[in-house]
Amino acid sequence: MALIVHKYGGTSVGSPERIKNVAKRVAKARAEGHDIVVVVSAMSGETNRLVALAHEMQEHPDPRELDVVLSTGEQVTIGLLAMALKDIGVDAKSYTGWQVALKTDTSHTKARIESIDDEKMRADLAEGKVVIVAGFQGISSEGNISTLGRGGSDTSAVALAAALKADECQIYTDVDGVYTTDPRVVPEARRMDTVTFEEMIELASLGSKVLQIRSVEFAGKYKVRLRVLSSLQDGGNGTLITFEEDDNMERAAVTGIAFDKNQARINVRGVPDKPGVAYQILGAVADANIEVDMIIQNVGAQGTTDFSFTVNQNDFKRTLKVLETEVVPGLGGGEVNGDPLIAKVSIVGLGMKSHAGIAARMFECLAKEGINIRMISTSEIKTSVVIEDKYLELAVRALHAAFGLEGEAVEEKVV
Ligand code: ADP
Ligand code: ASP
Ligand code: MG
């Protein structure tokens, strides 16, 4: 008998039928003798609907109140799933984030989990109940409802698995595992039986939304056994995130391709080239709580310098405003402009540590397709490029083929 955390995402609980289907899966695992804690997301589309509603009230919704609204989606699904389980004779009890005392810091809409009280859950499990916990939410150290950032139910599930020392955390979603790239973009993408934790961290942070990055970080920190599986198909072992590299395996240079369409580029040109300029520009951006991704500084004309950096598309207008109003007037020259229509494509693989020339092969492939590279950044196991967003799908497909990542065709996804 094992203690297993199941997590079901939005599509998997997207209709009453799907919720009943989840109940059947949970009942089956229970019948096999396992203790089960289930984390659920809001029904698909619900969180987006709530975000839109909030924006109808305020251009920049008050963060505390936004979390009050956003957390309601998950509250509906926990109750519905508990009913569906009871209806088929399985005893279950639902909890919101605050009820299980999933405590977070105070950064609304992107709160970090600080602690979890497992007492109630353990008592219910001991009584043979299935415990159902609302994903994506917690209670802040100030006693307010908080949410964990989009896709945050994955993180709730892994954090609960860590707190309960569960034998496995199973993330059930609308694909049957982690693929070499998003199978929606490249139908030839191949499911991987295993992917290393290090590679998964990179893939998630570079845009593969199959797992929220923080969930992978948590799994690494607390050594949670983490698996991605399909909630829509029966059978299959999905993809296990492993901590060990398989030494027997002939390692391909590139394991997967990630992409991110939600980036925008900011340029600050013709700035006097003197010490402290990068700090003046990027310090102000950081003070406005805007995360910067890639940064490039080039020599400009006549003793000036040019900066380019990328931010999340949602922060694009705000970044321009901060620079125009707070920074440029104090720089003694320079002009700001931006480009919201860019995308980032990244190749990831532990094999890049030992294979030389992988980045060059990436650039060659993009050159053959006539795709211009606007920015580049590399680290030990990844290379990322920024390109015009209209070339994104072409770039991903071409790179997927160039690095030999296709496998047998995967079955059409049931969505
Ligand atoms: P959930 O609602 O279950 O949390 P998400 O939509 O957040 O599901 O994540 C699953 C989706 O992630 C898939 O439908 C797929 O399109 C996308 N995805 C992106 N990259 C990958 C990848 N490398 N492998 C599998 N799925 C991926
Ligand atoms: N419902 C939240 C979202 O849509 C959390 C999640 O699904 O993981 O982002
Ligand atoms: Mg998700």
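Per-chain numbering applies: the sequence of each chain, read as written, is numbered from 1 onward. Written order determines the labels here, with chains lettered from A and ligands numbered from 1. Per-residue local features of the predicted model are confined to residues with pLDDT of at least 70, and side-chain atom pairs are confined, for both listing and counting, to 80 or more; whole-chain, interface and lining totals are unaffected and use all residues. The basis for every side-chain value is the complete set of heavy atoms in the structure, and neither hydrogens nor water enter the calculation.

**Remarks on the nonpolar core**
Soluble globular proteins tend to pack their nonpolar side chains together in the buried interior.
Next, step 1: Throughout, nonpolar core names a set of buried Ala, Val, Leu, Ile, Met, Phe, Trp, Tyr and Cys residues whose side chains join them through atoms within 4.5 Å. Think of it in three bands: with a 1.4 Å probe and only protein chains considered, a residue is buried below 20% of the maximum accessible area for its type, exposed above 50%, and partly exposed in between. Counting 42 residues, the largest nonpolar core has Val5, Val37, Met121, Cys169, Met200, Leu211 and Leu226 as the members making the most contacts within it.
Next, step 2: Secondary structure follows DSSP: runs of H or I at least 4 residues long count as helices, runs of E at least 2 residues long count as strands, and numbering of each begins at the N terminus. The dominant element in this core, judged by the number of residues it contributes, is helix H6 (residues 153-163), at 6 residues.
Next, step 3: Discounting chain neighbours no more than four positions away, the residues touching Met121 are Val100, Ile116, Val131, Val133, Leu160 and Leu164.
Next, step 4: Grouped together as the second largest cluster of nonpolar side chains are 25 residues, Val13, Ile78, Ala92 and Ala134 included. The contact rule is simple, with two residues in contact once any of their heavy atoms fall within 4.5 Å.

**Topic: the site of ligand 2**
Next, step 1: Note on terminology: near, applied to a residue and a molecule or strand, indicates that one of the residue's heavy atoms is within 4 Å of it. Every residue near ligand 2 is listed here: Ser41, Ala42, Thr47, Glu74, Phe136, Arg150, Gly151, Gly152 and Ser153.
Next, step 2: One of the backbone nitrogen or oxygen atoms of Gly152 is found 3.3 Å away from an oxygen atom of ligand 2.
Next, step 3: Surface accessibility follows the Shrake-Rupley procedure with a 1.4 Å probe radius. Residue values consider only the protein chains on display as shielding. Contact with the protein chains removes 86% of the 260 Å² of surface that ligand 2 exposes when unbound.
Next, step 4: For the shell around ligand 2, a count of residues per class yields 2 nonpolar, 5 polar and 2 charged. The definition of a polar contact used here is a pair of N or O atoms within 3.5 Å, where within protein one atom must be able to donate a hydrogen and the other to accept one, and adjacent residues in sequence count solely through side-chain atom pairs. Residues are grouped as follows: nonpolar covers Ala, Val, Leu, Ile, Met, Phe, Trp, Tyr, Cys and Pro; charged covers Asp, Glu, Lys and Arg; every other residue, Gly included, is treated as polar.

**Re the sheet that holds strand E17 (residues 375-379)**
Next, step 1: Strand pairing is assigned whenever DSSP identifies at least 2 bridges connecting the two strands. Strand order in the open sheet formed by 6 strands is E14-E15-E13-E16-E18-E17, and the pairing between neighbours is antiparallel. Strand pairing shows two members of the sheet lacking a second neighbour, strand E14 (292-299) and E17, which therefore form its edges. Each strand axis lies, on average, 25 degrees off the axis of its neighbour in the sheet, ignoring direction.
Next, step 2: Here strand E16 (residues 335-348) pairs with strand E18 (residues 382-388) via 7 bridges, running antiparallel. Residue pairing in the sheet places Ser346 in a bridge with Ser384 of E18.
Next, step 3: Helix axes are fitted only over the stretch in contact, all axes being lines through C-alpha atoms; the angle between N-to-C directions runs from 0 to 180 degrees. Against the sheet, helix H11 (residues 358-368) makes contact with E16, E17 and E18, and its axis sits at roughly 20 degrees relative to E18, the strand it touches most.

**Quick look at the site of ligand 1**
Next, step 1: Residues in contact with ligand 1 amount to 17 residues; listed here are only the nearest, Thr173, Asp174, Tyr179, Asp182 and Arg184.
Next, step 2: Tyr179 is positioned with one of its backbone polar atoms (N or O) 2.8 Å from a nitrogen atom of ligand 1.
Next, step 3: Between ligand 1 and Asp182 there is a distance of 2.7 Å, counted from an oxygen atom to a side-chain nitrogen or oxygen.
Next, step 4: Burial of ligand 1 by the protein amounts to 91% of the accessible area it has alone, namely 570 Å².
Next, step 5: Along the lines of polarity and charge, the residues of the shell around ligand 1 split into 5 nonpolar, 6 polar and 6 charged.

**Describing the pattern of salt bridges**
Next, step 1: For this document, the term salt bridge refers to a Lys or Arg side-chain nitrogen within 4 Å of an Asp or Glu carboxyl oxygen. Applying the stated criterion across every chain, the model contains 20 salt bridges.
Next, step 2: Linking Lys7 and Asp154 is a salt bridge whose minimum nitrogen-to-oxygen distance equals 2.7 Å. Of this pair, Lys7 sits in strand E1 (residues 3-8) while Asp154 sits in helix H6; the two residues are 147 residues apart in sequence, bridging distant segments of the chain. Judged on exposure class, the residue Lys7 and its partner Asp154 are both buried.
Next, step 3: A salt bridge links Arg227 to Glu168; its shortest N-O distance comes to 2.8 Å.

**Let's talk about the side chain of Ser153**
Next, step 1: Assignment of secondary structure puts Ser153 in helix H6.
Next, step 2: For Ser153, a relative accessible area of 3% puts it in the buried group.
Next, step 3: What Ser153 contacts, discounting residues up to four positions off in sequence, is Lys7, Val39, Val40, Ser41, Glu74, Gly135 and Phe136.

**What about the side chain of Lys344?**
Next, step 1: Of note, Lys344 is situated in strand E16.
Next, step 2: According to the relative accessible area criterion, Lys344 is buried, its value standing at 4%.
Next, step 3: At 2.5 Å, the side chain of Lys344 and the side chain of Asp293 are in polar contact.
Next, step 4: The contact partners of Lys344, leaving out residues within four places of it in the chain, are Leu206, Ala258, Phe259, Asp260, Gln263, Asp293, Met294, Ser384, Val385, Val386 and Leu392.

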